[in-house]
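Listed below, chain by chain, are the residues.
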Number of protein chains: 2
Amino acid sequence: MDESLERSHRHISRQFNTDLQTLHQHVLEMGGIVQQQLENAGSALINNDESLAETVIANDYRVNAMEVSIDEESTYILARRQPAAGDLRMVMAVIKTITDLERIGDEAERIARMAAHKSGHALGHHQQLLPHVHLSVEHLNDLAQSMLKQALDAFARMDVELAFQVAKRDVKVDQEYDGLIRQLITYMMEDPRSIPMALDIMWAARSLERIGDRACNICEYVIYFVKGKDVRHIDLELVQVDLHSEEQPAGRTAE
Amino acid sequence: MDESLERSHRHISRQFNTDLQTLHQHVLEMGGIVQQQLENAGSALINNDESLAETVIANDYRVNAMEVSIDEESTYILARRQPAAGDLRMVMAVIKTITDLERIGDEAERIARMAAHKSGHALGHHQQLLPHVHLSVEHLNDLAQSMLKQALDAFARMDVELAFQVAKRDVKVDQEYDGLIRQLITYMMEDPRSIPMALDIMWAARSLERIGDRACNICEYVIYFVKGKDVRHIDLELVQVDLHSEEQPAGRTAE
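Residues numbered from 1 in each chain as written. Chains lettered and ligands numbered in written order. Predicted model: local features only at pLDDT ≥ 70, side-chain atom pairs only at ≥ 80, totals over all residues. Heavy atoms only, no water.

S.K.: Is there a simple way to explain the interface of chain A and chain B in this structure?
M.R.: Accessible area lost on assembly of the parts is the figure often given for the size of an interface. Contacts between the two partners involve 42 residues from chain A and, on the opposite side, 42 residues from chain B. Surface buried jointly by chain A and chain B totals about 3800 Å² across both partners, of which 59% is contributed by carbon and sulfur atoms. Counting every contact that joins chain A to chain B gives six salt bridges. As a salt-bridge pair, D71(A) and K96(B) come within 3.0 Å of each other at their nearest N and O atoms. Put simply, the parts of the chain that give the side of chain A that touches chain B at least two residues each are α3 (50-81), α4 (85-120), α7 (160-190) and α8 (195-227) of chain A. By residue class, the composition of the side of chain A that touches chain B is 19 nonpolar, six polar and 17 charged. (Contact = heavy atoms within 4.5 Å. Buried area = accessible area lost by both parts, 1.4 Å probe. Salt bridge = Lys/Arg side-chain N within 4 Å of Asp/Glu carboxyl O. Helix = DSSP H or I, 4+ residues; strand = E, 2+ residues; numbered from the N terminus. Nonpolar A, V, L, I, M, F, W, Y, C, P; charged D, E, K, R; others polar.)

Laid out in structure tokens, this is it:
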């Protein structure tokens, strides 16, 4: 464990009681499963690996089950411990984060379905024609995975700076996505036989783009939790300047 | 106001205090705005009405603002009133419902963007070729709108039976969506010049299909609130049989 991580773990320990620490830990476990699902879905898509795709589809229930159980855990904490201020914001951040994690799990399952479907097409000459498309899919996939990983790191350490950085990377995902869609449209128009497969890639790309959005959502909950400010639907550059100029103590601001 | 609605309003009045009634009312107001946004987006899409599409895009901030304010209201109620059992489930249902409402608002905005984009294409002969596609889009649009309306009715009256009915209609949306996508693929393959416009319709259709999913989510929160059971990720037919056989008193079951 690196030093800053240890420091923030100590920080969390002082700040929260065991219930909240366990809750936090469960979210990270759920995040780990979702990360694995996304990693497998991406590699099934890129390598036309139908059996790996099936594994992802078969494992989606685990993500769903964790969402339900963490939701129950949160409700229990709200009812029994009646948290206030920072602790309450923590529970709110958890309730919202797991919704996004579950939906990222759904997108991973959709990518896996497209991977399974795509590997079923009679590809023939199409596969050779697509190296630049494949490269773009790989880029988009790497970006989405790394954003999710960093969002979960930001959540693990309640690291606002990292949360801001991740949220800003979403522009890059959108650019990569737009470029890929344009390539695919050109490709479909040039060779209409490629349409079914190109559409599969398009849906998968859309899912990757949405995963970037959801990773941003998670980062916004981290900022909300630590700074006590709801930064959804606001320009992040402005928020960051604003928060730095205020220099509020972390985790214990407005109720 | 019809009789059953009045009866359930009286039921809610007895059951909740003013804070919770106001919270409930605010969700319905937000629902009304989202419904209007979706209605306008759908009619912009079907009638190629670019100016109506712009109105939808310009009004999305209202939905976002309501989500943030209802979230704050919920957090305040949790902190100050420390609700338990049914009241706590009510707040949890609200927190989750407004997330889905906000995302339905986002989908409405996306549909409006596609409508604006689509009306920008040089259509020429394509428009004449698409009457059956247009009809399918209209069907899908009607279905999504009516599911959202009914989901909000179910939420307004906390009507579990209606919630079950709505959730079951999602199969119909999925069928309609699949049929439309197949039509569009055929269309694109027959006439590659139609690809850009067909893709706009495809994205809009995807949004409508997602709106059906989110209307279902809202229904599941209604069932969770009234019956105290989390029915996400479970076959609804089974849940319904199960709940009927138990005949638990509404709104006051497990904590």
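S.K.: What should I look at first to understand the relation of the copies chain A and chain B in this one?
M.R.: Put simply, the two copies of the chain differ by a rotation about an axis and a shift along that axis. Expressed as a screw transformation, the operator carrying chain A onto chain B has a rotation angle of 180° and an axial translation of 0.0 Å, and the superposed copies differ by an RMSD of 0.0 Å. Each copy turns onto its partner about a two-fold axis. Here 100% of the interface residues in chain A have copies in chain B that are interface residues too; the copies meet face to matching face. (Least-squares fit on C-alpha atoms with pLDDT ≥ 70 in both.)

S.K.: It is not clear to me how the side chain of E67(B) should be interpreted in this structure. Could you clarify?
M.R.: Residue position: E67(B) is located in helix α3 (residues 50-81). On the accessibility criterion, E67(B) (2% relative accessible area) is buried. When neighbours within four sequence positions are excluded, E67(B) is seen to be in contact with R232(A), H233(A), M30(B), I98(B), T99(B) and E102(B). (Buried < 20%, exposed > 50% of the residue type's maximum accessible area, 1.4 Å probe, protein only.)

S.K.: What is the right way to look at the packing of helix α4 (residues 85-119) of chain B against helix α6 (residues 131-157) of chain B in this model?
M.R.: In a pair of packed helices, the angle between the axes and the distance between the axes together describe the arrangement. Residues and elements named next belong to chain B. Direction vectors running N to C along α4 and α6 enclose 160°, while the axes themselves pass 13 Å from each other. Judged by the angle between their axes, α4 and α6 are roughly antiparallel. With respect to the hand of their crossing, α4 and α6 are arranged in left-handed fashion. Across the interface between the two elements, V94, T97, L101, I104 and K118 of α4 pack against H134, L148, L152 and F155 of α6. Here the contact of α4 with α6 is built from residues that sort into six nonpolar, two polar and one charged. (Axes fitted to C-alpha atoms, helices over the stretch in contact; angles between N-to-C directions. Parallel < 35°, antiparallel > 145°, perpendicular 65-115°, else oblique. Left-handed = near helix turned anticlockwise from the far one by under 90°.)

S.K.: Is there a simple way to explain helix α8 (residues 195-227) of chain B in this structure?
M.R.: Each full turn of the α-helix corresponds to 3.6 residues, which orients residues three or four apart in the same direction. Residues and elements named next belong to chain B. Counted at 1.5 Å a residue, the expected span for α8 with its 33 residues is 48 Å, and the 47 Å between its end C-alpha atoms agrees. α8 sits mainly inside the fold: 31 of its 33 residues count as buried. Following α8 by one or two positions, G228 has its phi on the positive side, about 70°. (Expected span 1.5 Å × (residues − 1).)

S.K.: For this particular structure, what's the right way to read the environment of R206(A)?
M.R.: For R206(A), the position within the fold is in helix α8. Those residues in contact with R206(A) that lie beyond four places of it in its chain are Y177(A), R110(B) and W203(B). A distance of 3.0 Å separates polar atoms of two side chains, one belonging to R206(A) and the other to Y177(A). (Polar contact = N/O pair within 3.5 Å; in protein donor to acceptor, adjacent residues only side chain to side chain.)

Just distances and angles here, no functional claims.
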